[in-house]
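Take a look at the letters that make up each chain.
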Amino acid sequence: MTVLIESPLRPPAAVLDRTVAAGDGYVGRIPAGGSLRIVDLHGNQAVDTLFYDAGNLANRYSAFDTIREQGSAYLTTGSRLLSVDLDPLVTITADTCGRHDTLGGACAQESNVVRYGMHTRHQHACRETFLRYGAEVGIGARDLGHNVNFFMNVPLTPDGGLTFANGVSAPGAYVEVRAERDVVVLISNCPQVNNPCNGWDPTPVRLLGWWSA
Amino acid sequence: MILSHDIPAASYWSVRLRTGRLLRLTALDDGAVCSALIFAASDPVDRLNVPDTLKAQLSARIRPPMVLMSDRGTALCSVTGSSLDWHDCLTGHSLDGHAEAAGRSSNATDRNDWRRSARYGLLSELRKHGRGPTDLHGCVNFFAKVAIGDDGRLAYDPRHATAGDWVTLRAEQELLFVCSTAPHPMSPTWAPGAVRAEVHVGTRYGPDDPSVTFRPESARALAAAKAVTT
Ligand SMILES: [Zn+2]
């Protein structure tokens, strides 16, 4: 059974409080020890997220190293998100959703064409947002590793299958991470309209941050 | 056959493949693993995208007749055949810590039996091609299986591949294929195996090719590769 863990942190004390519209993104720095909460305001919204060691952007989040070292394919409270050098970047400290994906990658205009056809080539996609906001801090296409999909449900099966299922998230569900070192967080609030990862209707999310500036 | 090369256990290698060529990998020892990175040779950025490959074909493993897809939504290669129906692509390659767990090792003490991780080997080979750490990405661990439990638990299967197991890849555009034969990172022991790599001329495929007919997504990635090679 999934264990849901709430956070003791209170929104009025947050130093970051920002709503990210559907299809928009965010890049920012979380100092070591700081906490970032992502609130799924309307439920069933995928939030594609990358983390980087702020002191060395090449030491970036590694989805595959993370799931291998924890021995489980899904992320939840207690998951330590590791870098390519196996350094913990952030730890999930609270989670009222219960389970998050890190194997489904980010949507892109090019992969939308593969999955849905040429009519989706000019639809907005997470990779566009990653590149646009990443450029502000020197993160380019070669620096985009495989991301976390907070609130997204991508079940694996023992026979080696993978599916995109309806979300397990709900309005107001949130996930919170604690930075284990100074990290850069790069977020795309997924604009995908071709599958159930956003409940067919992308919606805004709220970011809350607690740290001493 | 154009080329045949035996990659020793716990070594590394790379090869450029022209469009249409077939790369056949054969395990020469029980438990051999070939951790591979694949790049579009003519593009400085485009490379294998494991998540896109999996979600487009609704699979958590690599098997025939899947198409391995790039960031740009093009087919890099098709898995045209294999004696195994499961090649791991979820758990990354071994790092220096995995090699050191078997004891410290160096060229000075162990000469060419020096234990080096897949990371060491892949980076060494990438640097020969003007590439580096930013080019490390999700790899395919050919011949390895990490079983998936009902709750997402991951368990390495140490008895998956035996000597003689094989897989064939058809290059759908000009490729750079970089690989290491270091043990799988979840292997409980340092017991690497050798792998034979053969490059064959290959034949043109038609509309009834199993990779084309596998899924509409596979066919669209193959069409996108055709568009960059013709
Ligand atoms: Zn997306």
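- Looking at an unreviewed UniProt entry, chain B carries the name DUF1989 domain-containing protein, with the source organism given as Planosporangium thailandense.

- Looking at an unreviewed UniProt entry, chain A carries the name DUF1989 domain-containing protein, with the source organism given as Planosporangium thailandense.

Some remarks on the overall build of chain B
Okay, step 1: If you tally the helices and strands in chain B, you get six helices and 12 strands.
Okay, step 2: The C-alpha radius of gyration computed for chain B amounts to 17 Å, which stays within 12% of the reference 17 Å derived for 230 residues, consistent with globular compactness.
Okay, step 3: Projecting the C-alpha coordinates of chain B onto the three principal axes gives extents of approximately 55 × 40 × 30 Å.
Okay, step 4: The buried share of chain B, taken over its 230 residues, is 57%.
Okay, step 5: If you take every contact in chain B between residues at least 6 apart in sequence, the share linking residues at least 24 apart comes to 77%.

Some thoughts on the confidence of the model for chain B
Okay, step 1: Residues with a pLDDT of 70 or more make up 100% of chain B, whose mean pLDDT is 96.
Okay, step 2: For this predicted complex, the interface confidence comes out at an ipTM of 0.96, alongside a pTM of 0.97.

Side note on the coordination of the zinc ion
For a metal bound by four donors in tetrahedral geometry, the ideal donor-metal-donor angle is 109.5 degrees, whereas six donors in octahedral geometry ideally sit at 90 or 180 degrees.
All names here are of chain A.
Okay, step 1: Surrounding the zinc ion are the protein donor atoms Cys107 (SG), Cys126 (SG) and Cys190 (SG), at 2.2 to 2.3 Å.
Okay, step 2: As a motif over one chain, the donors of the zinc ion read C-x18-C-x63-C. Here the residue Cys107 occupies a position in the loop between β7 (88-95) and α2 (109-116), and Cys190 occupies one in the loop between β10 (183-189) and β11 (205-210), the gap between them amounting to 83 residues.

Description of the UniProt feature "domain: DUF1989" (unreviewed entry) in chain A
Okay, step 1: With numbering aligned to this structure, UniProt lists the feature "domain: DUF1989" (unreviewed entry) at residues 19-184 of chain A.
Okay, step 2: Taken end to end, residues 19-184 of chain A is 15% helix and 30% strand, and its first and last C-alpha atoms sit 18 Å apart.

Examining the side chain of B:Glu217
Okay, step 1: If you trace the backbone, B:Glu217 turns up in helix α6 (residues 216-229).
Okay, step 2: Those residues in contact with B:Glu217 that sit more than four places away from it in its chain are A:Val114, A:Arg115, B:Ala56 and B:Met69.

Focus on the UniProt feature "domain: DUF1989" (unreviewed entry) in chain B
Okay, step 1: Per the UniProt record, "domain: DUF1989" (unreviewed entry) is found at residues 6-176 of chain B.
Okay, step 2: Here residues 6-176 of chain B is 16% helix and 29% strand, with 18 Å between the C-alpha atoms at its ends.

Description of the nonpolar core
Okay, step 1: A:Leu156, A:Leu186, B:Leu25, B:Leu90, B:Phe142, B:Phe143 and B:Phe177 are the most contacted members of the largest nonpolar core, which totals 73 residues.
Okay, step 2: Per-element tally for this core: the top contributor is strand β4 (residues 34-40) of chain B, with four residues.
Okay, step 3: Residue contacts for B:Leu90: discarding those within four places in its chain leaves A:Phe64, A:Ile67, A:Leu103, A:Leu156, B:Leu54, B:Ala60 and B:Ile148.
Okay, step 4: Residues A:Val20, A:Ala63, A:Val177 and A:Trp211 belong to the second largest nonpolar core, which totals 29 residues.

Regarding the pattern of salt bridges
All names here are of chain A.
Okay, step 1: Going through the model one piece at a time under the given rule, you end up with 23 salt bridges over all chains.
Okay, step 2: A salt bridge links Arg181 to Asp53, with the nearest nitrogen and oxygen atoms 2.9 Å apart. Note that Arg181 is positioned in the loop between β9 (173-179) and β10 and Asp53 in strand β4 (residues 47-53), a separation of 128 residues in sequence.
Okay, step 3: According to the relative accessible area criterion, Asp53 is buried, its value standing at 9%.
Okay, step 4: One salt-bridge network, in which partners are shared between bridges, spans Asp53, Asp87 and Arg181.

What counts, and where the lines are drawn
- Residues numbered from 1 in each chain as written.
- Chains lettered and ligands numbered in written order.
- Predicted model: local features only at pLDDT ≥ 70, side-chain atom pairs only at ≥ 80, totals over all residues.
- Heavy atoms only, no water.
- Helix = DSSP H or I, 4+ residues; strand = E, 2+ residues; numbered from the N terminus.
- Rg over C-alpha atoms; globule rule 2.2 N^0.38 Å.
- Buried < 20%, exposed > 50% of the residue type's maximum accessible area, 1.4 Å probe, protein only.
- Contact = heavy atoms within 4.5 Å.
- pLDDT = per-residue confidence, 0-100.
- Donors = N, O, S within 2.8 Å, 3.2 Å for Na, K, Ca; no water.
- UniProt positions renumbered as here; feature names shortened; annotations may be inferred.
- Core = buried A, V, L, I, M, F, W, Y, C linked by side-chain atoms within 4.5 Å.
- Salt bridge = Lys/Arg side-chain N within 4 Å of Asp/Glu carboxyl O.

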